[in-house]
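Topology and contacts: notes
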Amino acid sequence: MSQTNTSLLDEVVQWSQETCRQELKSVLPKLTSLHYQSDSWDDHIRILKIITDMFLPHIGLRDLEDECFSKILPKVVTVFDSMMKEIMEQAGGLSSQNTELCALLRNILQAMMQIIDALSACVRHVGSLEDTPDLDSIRSLPACILKVLKETFQHCKDSEVVYCGRLSLVADLLQGLFKEAYSLQKGLLELLDKISLDSSASEEDVSDIVTVIHSLLDICSVISNLDIALHANTWKFLIKMSLKNQSLVEEHLHHSDISNSLCDNLLSSFHNCVELAEQIKHAGLQEATQSPEYKLFQKTAKMCRFFANTLIHYIKEFRYFLTKCCSCFHQLYLQIISKFPPSLSTPELPVALSQELNAAALVPMEAFLLQLLPLRPFAEVVLQENLRLNPEHELPHCLLLVSIMGQLAGQPEEVLQLWYTGSQFSEENLRLPLFQAVFTSFRRCCVERKVPVLLPGVMLKGQAQIQVTVHQHICVQLCASVAWLPPVYFPVLECCLVDAVLQADTQTALLATDVWCFTARYGTAELCLHHVLLIAQLVKVCGTERYQSFHLGMLLKRMVFLMTSSHQMELVSHFPPSEVENLPVWHHVLLRALSQDVRHQVVTDVIGITQKVLTDWQNGGYKLGQINKVNAVLMSLLSVVRGQSSPEEECVLSSVRIVSQLWLRMSPDQLQTHPVLQWMLQLLLSLSAVLVTHIEPHIICQALVCLDAVVSQKCADWLLLAALEFLSSLGKIFVPPDSQSQILPKLSSLFGALLADKSWLLHQHALEAFSQFAESTNHEEVISQSLCAEDTKTKVVNYLSKTVNVQEDNESRLERLKQETLMIKQHNEKLECKKENVLNKPPPEGFSDSEPCPKRARQETSAEQEYGRFIQTAESALKALQALIEGNTNSSAPPPQWLESRLQELQTLLTHITTVRHKT
């Protein structure tokens, strides 16, 4: 600086305030020019202090910007940046031995504090003026201060890294620097709060306000982990400025940046809360409410609540500018919900801390969702058909859908249509109807359903709230939604229910069944009839061996209970049980659900059609092509005998006669060759288990012979399970002494073989069946003879005493369930790949009279086996004929007249066969 300029400064500092006021017009331009031209930091700060301390108090509001701020503040930013750059370059070499460098850095920090102090003086002066400032009069001040503040806070935040572990050498000045910056920001925000823009504001004014808001957003990202109070106050002002000038700035703000930053801060605070809570628990400090850790947790929880409420408020005001943020909002919800029960990733926290965390983050999520409901992009994100989620987020997403469903009541029609109908046009982004999305999401929560995780249930009539499963929770919410659902959306609901029932996951189908039954019960009787007829038609056209048939039958079985007697009669008239093609419908109907008149008609029709089909089969020469039809009538007969708590005597006698006739026709040697016979055998076993007390011992003996073949031939598991059901039922009967030698040894042998089976499923069912048999049987010798193997005996004893051999820990169990879930998922997907449209396929196979395709010729023959097979067939046929003749003797229907001549022909044939055998 020249000698003349130095003399001027030396002279000015001696002036009084009055002299400064008088010389303002002549000296201020010189000082601002010197300030702009100064090269040294010391000169810059000296001139800046003279201007702000001596001349600024005398400058009016109208002249501040043009005469002072616009002249000096740009240079302030430049000088401050150069100081910061110098520190960054020199700080790496700082050490206690390098006193010169230490002194240099401390001098720079002190100079920076002086600059901030000068800026604070500018703010105080503007704030002290009587006239309310406008942006034109201080335009350069906010921009300058916000840049300085951001640099200062960033430096303080990075100080540990910048000063390379020598922070203690400058810590006192950094602390002072932060306090000065804190005070400066507070003053600036108070000043800006006084400024108001109206509809006549210029584009430049609007641009300046938008710049201030975005600059504050940048500062927020810097101070997020620096000071809680500063961070909160900055956000408060940012939102306040946005809302105060909403109509002017809403089209210019970076809404995505603001909302994403709020989401990030909310998640950061929330995760910090969770970590602090876990640390407090592990340190055992949950009772020490005055500990520093507990107080920090409370402060962090308060910030979490603040950010949640701020985000909700921001979304409420700028909702339609946030359409690009909906994916972020969705992920935010999932990440927060996943840390609360019943999610499997929930940390175990003390009750008090969990309640505070719940109030801070979980409670605001309901209001958060409420603001997002009208947004189509949010619905499109949430209702995606093939949504890819972290496995930990499957249950939170399901609970999100349920929560949305609960909040739709009272929403405008356009919101209901957005969520309930799904996408309507091809040009729309695909979104599922909400009901379908709930069922789809529930299906994905396989592990949580198996654990099972629990949620708070609904409080009823003042009773204490209990924990319920995910299935129960979602079922209640779905039914509540159906209860107020406008009628216009019922077609969509029905379609979603049909889809859910017809998919492969049985528990999801059960959930849809629960909701469907509620819908039918809540609606009119006519609606119930309409649904039952629809379901019955689906059952009729769906093959009996498909999973859809099982799910539909489960639904039909329950729905019939909800029908009136007259409507049940309509069901009979639409699907007469006397016609074979309608029998799949009656396979699934429990007779106790029917009124007395309807029940009697169904029983009569089913027994009549069963006897007719068996007679046709017999008269047709027992063709294999007819066995599917025989099995169909047997399934209906099984439904009849099972569906009555005390079947009528006529029904029992007719059923026993039919079962006895078929047992005598059953040939064990043909089971492996003809799988259709295995199905018949399963039905016979199930029927015999119900009718066992009425079946003759020689028929039971024939059944055990077949079962011996079934067990030795390692037939399918489902057939062995039916065998166990039959064996268990034999405990109800007393075997006559003359039949005990034929029946009891076989019974012991079969139980022993099945109890030793390696399949865990069969083994478990065998234990259950054996224990039920042992509880009721009079033949105790069977029990001891079945347990000859010591290992089998030990397993039975352990089962009866409910001994648990291996206790599985929670982590291992969870891992096992995850692996099982993957296998089940693959199995269901495989089933659904084969799924046919049940509404557009031909009638079920098995109702055709055609013979099955010829089998591949055997490569090797065994004469002895062929002799045995033919003799077994002949013996079975003759026994069946004998049973038929004896049955007709006791009835009014005599045998046909041609029977005697045919028997004589058979006798002649037997004589001829015997003669030929002797000759050979």
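Our structure is the block above this text.
Residues numbered from 1 in each chain as written. Predicted model: local features only at pLDDT ≥ 70, side-chain atom pairs only at ≥ 80, totals over all residues. Heavy atoms only, no water.

On to the overall build of the chain, then. Across its full length, the chain carries 40 helices and 2 strands. Relative to its length of 920 residues, the chain is extended, with a C-alpha radius of gyration of 44 Å against a globular reference of 29 Å. In terms of its C-alpha atoms, the chain occupies a principal-axis envelope of roughly 150 × 60 × 60 Å. Relative to its 920 residues, the chain shows a buried fraction of 48%. Contacts spanning at least 24 positions in sequence make up 76% of the contacts within the chain whose residues lie at least 6 apart. For the chain, the computed accessible surface area is about 45600 Å², with 52% contributed by carbon and sulfur atoms. (Helix = DSSP H or I, 4+ residues; strand = E, 2+ residues; numbered from the N terminus. Rg over C-alpha atoms; globule rule 2.2 N^0.38 Å. Buried < 20%, exposed > 50% of the residue type's maximum accessible area, 1.4 Å probe, protein only. Contact = heavy atoms within 4.5 Å. Areas by Shrake-Rupley, 256 points an atom, 1.4 Å probe, with all protein chains shown as cover.)

Residues Phe55 and Trp419 are the most contacted members of the largest nonpolar core, which totals 295 residues. The element that contributes the greatest number of residues to this core is helix H5 (residues 99-128), accounting for 15 residues. Setting aside its immediate chain neighbours within four residues, Trp419 contacts Leu373, Phe378, Ala379, Val382, Leu383, Ile404, Leu408, Leu432, Pro433 and Leu434. (Core = buried A, V, L, I, M, F, W, Y, C linked by side-chain atoms within 4.5 Å.)

There is a patch of nonpolar side chains on the surface, built from Leu878, Leu903, Leu906, Leu909, Leu910 and Ile913 and spanning about 520 Å² of accessible area. The dominant element in the nonpolar patch, judged by the number of residues it contributes, is helix H40 (residues 899-919), at 5 residues. Given a relative accessible area of 47%, Ile913 falls into the partly exposed group. (Patch = residues over 30% accessible without salt bridge, like charges linked within 9 Å, V, L, I, M, F, W, Y side chains within 5 Å. Salt bridge = Lys/Arg side-chain N within 4 Å of Asp/Glu carboxyl O.)

What follows deals with the packing of aromatic side chains. Going through the model one piece at a time under the given rule, you end up with 17 aromatic pairs. Centroid distance Phe178 to Tyr182: 6.0 Å. Interplanar angle 70°. Geometry classified as edge-to-face. Residue Phe178 and its partner Tyr182 are located together in helix H8 (residues 171-193), separated by 4 residues, close to a single helical turn. Classification of Tyr182 by relative accessible area gives partly exposed; the value is 25%. Relative to Phe773, the ring of Phe751 lies with its centre 5.2 Å away and its plane at 50°, an arrangement referred to as tilted. Here Phe773 lies in helix H35 (residues 760-776) and Phe751 lies in helix H34 (residues 737-755), a separation of 22 residues in the sequence. Assigned by exposure class, Phe751 and Phe773 land together as buried. Following the ring pairs from residue to residue traces out a cluster consisting of Tyr420, Phe435, Trp484 and Tyr489. The ring of Phe442 carries the charged tip of Arg449 above its face, separated from the ring centre by 4.9 Å. One Lys or Arg, Arg665, reaches over the ring of Tyr622 and ends 3.7 Å from the middle of that ring. (Phe/Tyr/Trp six-rings, centres within 6.5 Å; stacked < 30°, edge-to-face > 60°. Lys NZ or Arg CZ within 6 Å of the ring centre and 35° of its normal.)

Under the defined criterion, the tally for this structure stands at 0 disulfides. Lacking any disulfide linkage, Cys220 is separated from the closest cysteine sulfur, that of Cys263, by 14 Å. Given the relative accessible area of 1%, Cys220 is considered buried. The thiol sulfur of Cys304 is not disulfide-bonded, and the nearest other cysteine sulfur, from Cys273, lies at 5.3 Å. (Disulfide = S-S within 2.5 Å.)

A word on helix H23 (residues 506-522). Compared with an ideal rise of 1.5 Å per residue, which puts 17 residues at 24 Å, H23 spans 24 Å between its outermost C-alpha atoms and is within 8% of the ideal. If you check which residues of H23 are buried, you get Thr508, Ala509, Leu511, Ala512, Thr513, Asp514, Val515, Trp516, Cys517, Thr519 and Ala520. Where H23 is buried, its residues touch helix H19 (434-444), helix H20 (446-450), helix H21 (470-484), helix H22 (490-501), helix H24 (525-541) and helix H25 (547-559). (Expected span 1.5 Å × (residues − 1).)

Where H22 meets H23, the axes come as close as 8 Å, and the angle between the chain directions of the two elements is 145°. Crossing angle aside, the handedness with which H22 passes H23 is left-handed. Seen from H22, the contacting residues are Phe490, Leu493, Leu497, Val498, Ala500 and Val501; seen from H23, they are Thr508, Ala509, Ala512, Thr513, Val515, Trp516 and Thr519. Each residue belonging to the contact of H22 with H23 can be placed in one class, and the counts come to 10 nonpolar, 3 polar and no charged. (Axes fitted to C-alpha atoms, helices over the stretch in contact; angles between N-to-C directions. Left-handed = near helix turned anticlockwise from the far one by under 90°. Nonpolar A, V, L, I, M, F, W, Y, C, P; charged D, E, K, R; others polar.)

A separate point is the side chain of Ser441. As for its position among the elements, Ser441 is in helix H19. At 3.3 Å, the side chain of Ser441 forms a polar contact with the backbone nitrogen of Cys398. If near-sequence neighbours (up to four positions away) are discounted, Ser441 is found in contact with Glu394, His397, Cys398 and Leu401. (Polar contact = N/O pair within 3.5 Å; in protein donor to acceptor, adjacent residues only side chain to side chain.)

The next subject is the side chain of Ser403. Along the chain, Ser403 falls in helix H17 (residues 394-407). By relative accessible area, which is 12% here, Ser403 ends up buried. Polar contacts involving the side chain of Ser403 include one to the side chain of Glu366, which spans 3.0 Å. Beyond its immediate chain neighbours, meaning those up to four positions away, Ser403 contacts Tyr333, Glu366 and Leu369.

Counted according to the given criterion, the structure contains 20 salt bridges. A salt bridge links Asp505 to Arg449, with the shortest nitrogen-to-oxygen separation between them at 2.9 Å. Here Arg449 lies in helix H20 and Asp505 lies in the loop between H22 and H23, a separation of 56 residues in the sequence. In this structure, Asp616 and Lys612 form a salt bridge, with 3.1 Å as the shortest nitrogen-oxygen distance. Taken together, the residues span about one helical turn, with Asp616 and Lys612 both in helix H28 (residues 596-619) at a distance of 4 residues.

With that out of the way, let us pick up the packing of H23 against H25. As a packed pair, H23 and H25 sit with axes 10 Å apart at the nearest point and diverge in direction by 30°. When the axis of H23 is compared with that of H25, the two are roughly parallel. Crossing of H23 over H25 shows right-handed handedness. Along the contact surface, H23 presents Thr506, Ala509, Leu510, Thr513, Asp514, Trp516, Cys517 and Ala520, while H25 presents Phe550, His551, Met554, Leu555, Arg558 and Met559. Partitioning the contact of H23 with H25 into residue classes produces 9 nonpolar, 3 polar and 2 charged. (Parallel < 35°, antiparallel > 145°, perpendicular 65-115°, else oblique.)

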